[in-house]
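Listed below, chain by chain, are the residues.
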Amino acid sequence: MQRIVIVGGGAGGLELAAKLGRVLGPEAVTLIDCRPFHVWKPSLHEVAAGTLDIHAEGLSYQMLARDNGFSFVLGRLSGLNAGGCEVMVAALLDDDGTILIPPRNIPYTSLVLAVGSESNYFNIPGAREHCISLNATDDAERFRTRMLKLLVRQQAAGAAGGDQGRIEIVIVGGGATGVELAAELREATSIYGDYRLAGAASAASVDITLLEGASRILAPLTPAVSSAATRLLAERGVKVICDCKVASVSASAVLDSEGNTYRADICVWAAGIKAPALLKDLGLPLNRLDQIEVNADLSVKNAVGIYALGDCAACLLPTGQTVPPRAQAAHQQASYLARRLVLLARGKAPKSVPYRYRDHGSLVSIGQEQTVGSLMGVLSGAGLFVEGLFARMMYISLHLMHHQAVVGTLRCALLAFSRVLRRRTAPHVKLH
Ligand SMILES: Cc1cc2nc3c(=O)[nH]c(=O)nc-3n(C[C@H](O)[C@H](O)[C@H](O)COP(=O)(O)OP(=O)(O)OC[C@H]3O[C@@H](n4cnc5c(N)ncnc54)[C@H](O)[C@@H]3O)c2cc1C
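Residues numbered from 1 in each chain as written. Predicted model: local features only at pLDDT ≥ 70, side-chain atom pairs only at ≥ 80, totals over all residues. Heavy atoms only, no water.

**Q** I keep staring at the overall build of the protein and nothing clicks. Help me out?
**A** For the protein, the count of helices and strands is 12 helices and 27 strands. For 432 residues, the compact-globule formula gives about 22 Å, and the C-alpha radius of gyration of the protein, at 22 Å, lands near that figure. Across the 432 residues of the protein, 49% fall into the buried class. A separation of at least 24 residues holds for 64% of the contacts in the protein among residues at least 6 apart in sequence. In the structure as shown, the protein presents an accessible area of about 19500 Å², 56% of it carried by carbon and sulfur atoms. Mean positive and mean negative side-chain charge positions of the protein (42 and 37 charges, respectively) differ by 6 Å. (Helix = DSSP H or I, 4+ residues; strand = E, 2+ residues; numbered from the N terminus. Rg over C-alpha atoms; globule rule 2.2 N^0.38 Å. Buried < 20%, exposed > 50% of the residue type's maximum accessible area, 1.4 Å probe, protein only. Contact = heavy atoms within 4.5 Å. Areas by Shrake-Rupley, 256 points an atom, 1.4 Å probe, with all protein chains shown as cover. Lys, Arg positive; Asp, Glu negative; His and termini not counted. Charge placed at Lys NZ, Arg CZ, Asp CG, Glu CD.)

Below, the structure written as structure tokens:
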């Protein structure tokens, strides 16, 4: 009996579990995740800003397991016995520390590690302690509730006739995560203002500053995309400071290497990622970002029956660089592995075709209505700069494609429609 175990139900792991489960069934396919529900990670800046409600958007793994024909285990991967072909899952504890489910060992014939990534703080003093990162839904919710409390406090001070003060939000890192969050927050603070939070002149009472170490934001993308994003952020009143090397972070401020201090009621760290620290204890080969080194077929080097995909995998491109940590890479790798693992489960040898990353381009969301980016291979194979409605539609279609892969076409369409309806019946930002 084949038993394929996938650890991590994110952009890649969940799509893989759904594809395999529909073909092989729950006896053969098990998904392990440390959270009970799934939110597509590229939406986390919307969760943080309050424009997306995880309680409405989250998809229960139990439901997804039933509908797609895989088994689900709730728990955190804590170890690997590669010789005995077992993964260890930590005990599941209640809030008061009571053990709800004791530790478990889960056997596999094929194991796929898809545990994503976490923030890289580059050992900058105070960054880990004082910043919020967008690694998972809990972090995004922590940001949202902290901002909401600051807005409520500001409103109460104003109502009492006192000085409302200004809320300072500093985002470190001008990559896609930082830029998307800055723009989304700017729009959200205006909506909070409509509900009399953030005062009447909402945008004016919350300052958003984006600090970037390179000479331009979105440095890995083309200069045209960078300058369009810079312009759109400036139009929204976001202060962008480039060539700024953060030296330390305290509870109330960020200090750069030139000695400049940026007051921060909330500091968000979006300056880089690495694979989860837990991977260091599994005895697998890792690169300098703790990503698992894989062969061209995504099998882990020097290991039998173990694969890795997505942000936690170091898969080399022909240039010698690694495949970028993107949802589109995780999606492609899930499709590639699904084909191979189905054949293996049926006792057939898959062809020795290596995984090849296809870069379809990058799109960066600038609030709820704007998107900028470049699409690859659309006309001539070169990057085509896109902005406006077309880019926005393409960006939304990525999220829909993920939902379609895990809930099917009809439910995906219904979910999208219900989101439109919710925007008509509920506040445009989550207020509680
Ligand atoms: C704000 C933001 C915006 C982004 N925008 C884009 C974008 O526009 N386009 C794009 O291509 N990419 C984007 N990305 C990057 C993209 O989200 C990631 O590259 C992608 O989610 C990686 O997929 P994954 O399957 O490797 O990991 P993830 O989607 O992160 O999933 C990892 C899963 O593993 C689980 N897990 C972790 N540790 C354990 C453990 N020990 N035990 C059990 N389960 C565990 C987690 O709960 C999670 O479900 C964005 C990221 C962020 C944060």
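**Q** How do you make sense of the sheet that holds strand β25 (residues 361–366) when you look at a structure like this?
**A** Strands in a sheet are paired, the pairing made by backbone hydrogen bonds, and the direction either parallel or antiparallel. Taken in spatial order, the three strands line up as β25-β26-β27 in an open sheet, and their pairing is antiparallel. Both edges of this open sheet fall to β25 and β27 (384–387), since each of them pairs with a single strand only. Averaged over all pairs of adjacent strands, the angle between strand axes in this sheet comes to 10°, irrespective of strand direction. Two strands pair when backbone bridges link them, and β25 and strand β26 (residues 370–375) are joined in this way by six bridges, in the antiparallel orientation. (Pairing = 2+ DSSP bridges. Axes fitted to C-alpha atoms, helices over the stretch in contact; angles between N-to-C directions.)

**Q** So what exactly am I meant to see when it comes to the side chain of S117 here?
**A** Relative to the elements of secondary structure, S117 occurs in the loop between β11 (110–113) and β12 (118–119). Among the residues examined, S117 registers a relative accessible area of 8% and is labelled buried. Side-chain polar atoms of S117 contact the side chain of D311, separated by 2.9 Å. Not counting chain neighbours up to four residues away, the residues in contact with S117 comprise K41, N135, I273, K274, A275, P276 and D311. (Polar contact = N/O pair within 3.5 Å; in protein donor to acceptor, adjacent residues only side chain to side chain.)

**Q** Any chance you could explain the packing of helix α1 (residues 13–24) against helix α11 (residues 389–407) here in plain terms?
**A** The relative placement of two packed helices comes down to the angle between their axes together with the axis-to-axis distance. Where α1 meets α11, the closest approach of the two axes is 8 Å, and the angle between their N-to-C directions is 35°. Like other packed secondary-structure pairs, α1 and α11 cross with a definite hand, here left-handed. Contact residues: α1 offers L14, E15, A18 and R22, while α11 offers H402, A405 and V406. In the contact of α1 with α11, the residues fall into four nonpolar, one polar and two charged. (Left-handed = near helix turned anticlockwise from the far one by under 90°. Nonpolar A, V, L, I, M, F, W, Y, C, P; charged D, E, K, R; others polar.)

**Q** How should the nonpolar core be read in this particular structure?
**A** Nonpolar side chains tend to gather and get buried jointly when the protein is soluble and globular. Counting residues in hydrophobic clusters, the biggest one holds 58 residues, and the most contacted among them are I6, L16, L20, V87, L111, L113 and L337. It is helix α10 (residues 327–345) that provides the largest number of residues to this core, a total of seven residues. Not counting chain neighbours up to four residues away, the residues in contact with L337 comprise L16, V112, D297, L298, Y307 and L309. (Core = buried A, V, L, I, M, F, W, Y, C linked by side-chain atoms within 4.5 Å.)

**Q** Got a minute to help me understand the site of the ligand in this structure?
**A** For the ligand, the set of nearby residues contains 33 residues, the closest of which are G12, D33, R35, D311 and A327. The contact in question runs from a nitrogen atom of the ligand to an N or O atom on the backbone of L77, over 2.8 Å. Separating an oxygen atom of the ligand from a backbone N or O atom of A327 is a distance of 2.8 Å. Burial of the ligand by the surrounding chains reaches 89%, relative to a free accessible area of 1000 Å². (Near = heavy atom within 4 Å.)

**Q** Sorry, what's going on with the pattern of salt bridges here?
**A** The tally for this structure, following the rule as stated, stands at 16 salt bridges. Among the charged side chains, a network of salt bridges with common partners joins E118, K274, K280 and D290. (Salt bridge = Lys/Arg side-chain N within 4 Å of Asp/Glu carboxyl O.)

**Q** Mind showing me how you'd approach the packing of aromatic side chains here?
**A** Note on aromatic pairs: each is described by the distance of the centres and the angle between the planes. A complete count under the given rule lists three aromatic pairs for this structure. Aromatic side chains Y61 and F72 sit 4.9 Å apart centroid to centroid with 20° between the ring planes, which places their arrangement in the stacked category. Taken together, the residues span a long stretch of sequence, with Y61 in helix α4 (residues 61–68) and F72 in strand β5 (residues 71–74) at a distance of 11 residues. No difference in accessibility class separates Y61 from F72, as the two residues are buried. (Phe/Tyr/Trp six-rings, centres within 6.5 Å; stacked < 30°, edge-to-face > 60°.)

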